[in-house]
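An overview of the molecular structure
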Amino acid sequence: MSNALSSSSRPGQGEDDQDLIKRLAYDGDRAAFQCLFLRFGPRVKALMIKSGADADVAEDLVQDVMITVWRKAELYEPARGSVAAWIFTIARNRRIDRLRRQSPHAYEDIDDLDLESPDAGGEETVQARQRKTLVVEAMAELPPDQQRVIEMSFIDDMPQADIAQKLGVPLGTVKSRMRLAYGKLRERLEDVT
């Protein structure tokens with residue numbers, strides 16, 4: 001599995017996740033790691049929060065997951081799945097480990113639990129609608145080019161390099177648009193829980 005990688009190319013510039021993980025595994029490339037961290041850190045944190053972790057625990061788990069990616073990049077096998085699937089599997093395992101350490105009771109996987117009802121209660125439904133309305137309004141305030149990259153990233157789950165290719169713009173432009181959009185959305189939605 002040898003691959004001649006140019007040390008002069010910049011991570012993220014047209015490189016997909018597999019290119020970056022190879023650079024990390026074979027060269028210990030810090031810039032490739034930084035790009036992977038920026039791509040997956042926020043997504044792993046969101047997943048941890050969605051699975052019930054508070055923000056501090058989610059941040060700790062992101063650090064732990066990404067340190068594991070740094071140390072074990074050479075263990076990634078493309079034939080077994082995407083880089084994203086590999087990283088999210090590490091994240092799931094770290095979350096389970098954390099729950100086992102914290103709980104005096106045996107850990108039960110979510111799939112094994114009998115939940116009362118998948119339907120949200122009345123108050124939760126109203127709050128969810130209000131949040132959705134605020135997010136839609138905040139998105140509508142963004143310039144169309146920023147709206148598009150956010151939609152492609154979060155709704156279509158596209159990596160930044162793919163967004164740049166699809167839009168026919170440089171990767172740096174996509175990153176700038178996302179950074180500007182995040183800043184505007186953060187200001188507008190900072191009080192939304």
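Throughout this document, residue positions are counted from 1 along each chain, in the order its sequence is written. With pLDDT at 70 or above as the cut-off, local features in this predicted model cover only qualifying residues; side-chain atom pairs require 80 or more to be listed or tallied, and sums for whole chains, interfaces and linings still use all residues. Think of the side-chain values as coming from all heavy atoms in the structure, minus any hydrogens and water.

1. What about the overall build of the protein chain?
In this description a helix means any DSSP run of H or I spanning at least four residues, a strand means any run of E spanning at least two, and both kinds are numbered starting from the N terminus. From N to C terminus, the protein chain includes eight helices and zero strands. Every residue pair with non-hydrogen atoms within 4.5 Å of one another is taken to be in contact. Relative to all contacts within the protein chain whose residues are 6 or more apart in sequence, the contacts with residues 24 or more apart total 53%. For the area figures, the Shrake-Rupley method with a 1.4 Å probe applies, and any residue is considered shielded solely by the protein chains shown. Carbon and sulfur atoms provide 50% of the accessible area of the protein chain, an area that totals close to 12700 Å².

2. Some details on the pattern of salt bridges
Only one rule defines a salt bridge in this text: a Lys or Arg side-chain nitrogen within 4 Å of an Asp or Glu carboxyl oxygen. Evaluated as defined, the whole model comprises seven salt bridges. Aspartate 29 is the partner of arginine 23 in a salt bridge, and the nearest nitrogen-oxygen pair spans 2.4 Å. By relative accessible area, which is 2% here, arginine 23 ends up buried. Across the salt bridge formed by arginine 94 and aspartate 64, the nearest N and O atoms sit 3.3 Å from each other. Of the two residues, arginine 94 is situated in helix H4 (residues 83–102) and aspartate 64 in helix H3 (residues 55–72); the sequence distance between them amounts to 30 residues. Only protein chains enter the accessibility calculation, which uses a 1.4 Å probe. A residue is then buried if its area is under 20% of the maximum for its type, exposed if over 50%, and partly exposed in between. Classification of aspartate 64 as partly exposed rests on a relative accessible area of 31%. Members of the salt-bridge network, linked through shared partners, are Asp64, Arg94 and Asp97.

3. Things to note about helix H1 (residues 17–27)
Among all positions of H1, only Asp17, Leu20, Ile21, Arg23 and Leu24 are buried. All buried residues of H1 fall inside an arc of 155° around its axis, so they share one side. The inward-facing, buried residues of H1 contact helix H2 (30–50), H3 and H4. Two N or O atoms count as a polar contact when they lie within 3.5 Å, although within protein this holds only if one can serve as hydrogen donor and the other as acceptor, and sequence-adjacent residues are included solely when both atoms are side-chain atoms. Its side-chain oxygen 3.2 Å from the backbone nitrogen of glutamine 18, aspartate 16 forms the N-cap of H1. Count one or two residues on from H1 and you reach glycine 28, which has phi positive near 60°. Each direction from the helix axis to a C-beta atom contributes to the arc, which is the arc of those directions.

4. Details of the packing of aromatic side chains
Each aromatic ring pair is described using two quantities: the centre-to-centre distance and the angle formed by the ring planes. To pair, rings of Phe, Tyr and Trp, with the six-membered ring standing in for Trp, must have centres within 6.5 Å; the planes then decide the type, stacked if under 30 degrees apart, edge-to-face if over 60, and tilted in the middle. Following the criterion strictly, the structure yields four aromatic pairs and no others. Aromatic pair phenylalanine 40 and phenylalanine 88: ring centres 6.2 Å apart, planes at 75°, arrangement edge-to-face. Linking phenylalanine 40 in helix H2 with phenylalanine 88 in helix H4, this pair joins segments that are 48 residues apart in sequence. Take phenylalanine 88: its relative accessible area is 22%, and that puts it in the partly exposed class.

5. Remarks on the packing of helix H7 (residues 160–167) against helix H8 (residues 171–189)
The interhelical angle for the contact between H7 and H8, taken along N-to-C directions, is 110°, at an axis separation of 8 Å. Classed by the angle they form, the pair H7 and H8 counts as roughly perpendicular. As for the relative orientation of H7 and H8, their crossing is right-handed in sense. Every residue of H8 that contacts H7 at Gln160, Ala161, Ile163, Ala164 and Leu167 is listed here: Leu171, Val174, Lys175, Arg177 and Met178. When grouped by side-chain class, the residues that make up the contact of H7 with H8 number seven nonpolar, one polar and two charged. Axes, fitted as lines to C-alpha atoms, cover a helix only where it is in contact. Angles between the N-to-C directions of the axes lie from 0 to 180 degrees. Oblique is the label for any angle not under 35 degrees, not over 145, and not in the 65 to 115 range, which are roughly parallel, roughly antiparallel and roughly perpendicular in turn. By convention the crossing between two helices is left-handed if the near helix lies anticlockwise of the far one by an angle smaller than a right angle, and right-handed if it lies clockwise. Gly falls in the polar group here, along with every residue not listed as nonpolar (Ala, Val, Leu, Ile, Met, Phe, Trp, Tyr, Cys, Pro) or charged (Asp, Glu, Lys, Arg).

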